[in-house]
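# Secondary and tertiary structure notes
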Amino acid sequence: MYLTYFNGGWSEGNTPLFGAMDHSVWLGSSVFDGARAIRGRLPDLRLHLQRVINSAERVGLVCPLTVDEMEQLVIDGVAKFPPDAELYVRPLVFGTDGLLVPVPAKSAFALTLFDAPMPKFHGFSACLTALRRPDPSMAPTDAKASALYANSSKVIREAQQRGFDTAVVCDSLGNVAEFASANLFLVTPEGKVVTPVANGTFLSGITRARVIALLAQEGIAVEERTVRPDELETAVEIFNTGNYGKVSPCTRYENRPLAIGPMASLAHARYMAFAGLA
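Here is what the cut-offs are and how they apply
- Residues numbered from 1 in each chain as written.
- Predicted model: local features only at pLDDT ≥ 70, side-chain atom pairs only at ≥ 80, totals over all residues.
- Heavy atoms only, no water.
- Helix = DSSP H or I, 4+ residues; strand = E, 2+ residues; numbered from the N terminus.
- Rg over C-alpha atoms; globule rule 2.2 N^0.38 Å.
- Contact = heavy atoms within 4.5 Å.
- Areas by Shrake-Rupley, 256 points an atom, 1.4 Å probe, with all protein chains shown as cover.
- Axes fitted to C-alpha atoms, helices over the stretch in contact; angles between N-to-C directions.
- Parallel < 35°, antiparallel > 145°, perpendicular 65-115°, else oblique.
- Left-handed = near helix turned anticlockwise from the far one by under 90°.
- Nonpolar A, V, L, I, M, F, W, Y, C, P; charged D, E, K, R; others polar.
- Core = buried A, V, L, I, M, F, W, Y, C linked by side-chain atoms within 4.5 Å.
- Buried < 20%, exposed > 50% of the residue type's maximum accessible area, 1.4 Å probe, protein only.
- Salt bridge = Lys/Arg side-chain N within 4 Å of Asp/Glu carboxyl O.
- Pairing = 2+ DSSP bridges.

## Examining the overall build of the protein
Summing up its helical and strand segments, the protein has six helices and 15 strands in all. Relative to a compact globule of 278 residues, whose C-alpha radius of gyration would be 19 Å, the protein shows 19 Å and is just as compact. Principal axes of the C-alpha set define a box for the protein whose edges measure 55 × 40 × 35 Å. When contacts within the protein are restricted to residue pairs at least 6 apart in sequence, long-range pairs at least 24 apart make up 70% of them. When the accessible surface of the protein is summed, it comes to about 12,700 Å², and 55% of that surface belongs to carbon and sulfur atoms.

Here is the structure:
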């Protein structure tokens, strides 16, 4: 089920939003964010809504709604689904006018909620790709810009052609950035939990920050530092964080099987407890 708020009203199905001459269609001026509504719980919703406002500004758009207004729309929309629904919450801001540069005042907004069951904590496979993330001198990497996802899609296509679910992507210097669509954590042979330091080539995610804070409450310090690709070859655990699955373990990296380890399990359990879902 899809439910979209657009131009003052709610509609079901794949609601048409764009015209052929809209800047977002022609030249890619759109940003979005992804939050979760899980059985009525809305973890970190306001942070996601603020981020879509920030993203819009960074690509020359202006979100027409405030965080408070969007939050109320999300609450209203979630109430239209069954109480046990597991939903993806996607605010979208897009340009409708302009030639090469979008006209900020002509930015439009839509909020879509759709069924997206939480994935099981079963794990995924990943390889290393030769493709790279752009850096801030190349693209609006400080925004959750729709145009950046052409890079992610290409990475995932390549990985799937090789028999993997996703891939690890490096930055322009060859250091690990993240997975194709989620942030990356690893556990070293010495038991240290590490995640690539935010260097402008990937979004330092809201769920990433939440997991770091939750592990800190358990007395576990996460090292944020440069990570070289060869460290993944010796890691005893690899897992990701992201809005869609929150915390998911990598159970095969290249041709090396990995167990669902205690750190990924702890991060997942603590996140679920934080979200009121344990």
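## Remarks on the packing of helix α2 (residues 45-58) against helix α3 (residues 67-78)
Across the interface, α2 lies against α3 with an axial gap of 9 Å and an inter-helix angle of 125 degrees. Between α2 and α3, the angle falls in the class oblique. For the pair α2 and α3, the sense of crossing is right-handed. Taking contact as the criterion, the partners of Leu-45, Arg-46, Leu-49, Gln-50, Val-52 and Ile-53 in α2 are, on α3, Val-67, Asp-68, Met-70, Glu-71 and Val-74. Broken down by class, the residue content of the contact of α2 with α3 amounts to seven nonpolar, one polar and three charged.

## Here's the deal with the nonpolar core
Within the largest apolar cluster, 29 residues are counted, with the highest numbers of intra-cluster contacts made by Val-31, Met-70, Val-89, Val-93, Phe-109 and Leu-111. Of all the elements in the fold, those that place two or more residues in this core are β1 (2-6), β4 (35-38), α2, α3, β5 (86-95) and β6 (107-115). Setting aside anything within four residues of it in sequence, one finds Val-89 in contact with Asp-33, Gly-34, Ala-35, Arg-36, Ala-37, Leu-45, Val-74, Leu-111, Thr-112 and Leu-113. Core analysis: the second largest hydrophobic core is formed by 20 residues, Ile-38, Met-118, Ile-212 and Ile-220 among them.

## Focus: the pattern of salt bridges
All chains considered together, the criterion is met by 14 salt bridges. Note that Arg-39 and Glu-86 form a salt bridge whose closest N and O atoms lie 2.6 Å from each other. Taken together, the residues span a long stretch of sequence, with Arg-39 in the loop between β4 and α2 and Glu-86 in strand β5 at a distance of 47 residues. Connected via shared salt-bridge partners are Lys-192, Glu-223, Arg-225 and Glu-231.

## Some thoughts on the pairing of β6
Where burial is concerned, most of β6 is hidden: eight out of the nine residues are buried. Relative to β6, β1 runs antiparallel, the two being bridged by five bridges. For Tyr-2, the partnering residue across the bridge sits in β6 and is Phe-114. Of the pairings in the sheet, the one linking β5 to β6 comprises nine bridges and is antiparallel in character. Following the sheet pairing, Tyr-88 is matched in β6 by Phe-114.

## Topic: the environment of Asp-84
Among the secondary structure elements, Asp-84 is positioned in the loop between α3 and β5. Since its relative accessible area comes to 57%, Asp-84 is described here as exposed. Asp-84 sits 45 residues away from Arg-39 along the chain, and the two C-alpha atoms are 4.3 Å apart.

## Details of the side chain of Thr-188
Structurally, Thr-188 can be placed in the loop between β10 (183-187) and β11 (193-196). Excluding residues that lie within four positions of it along the chain, Thr-188 makes contacts with Val-194, Arg-225 and Val-236.

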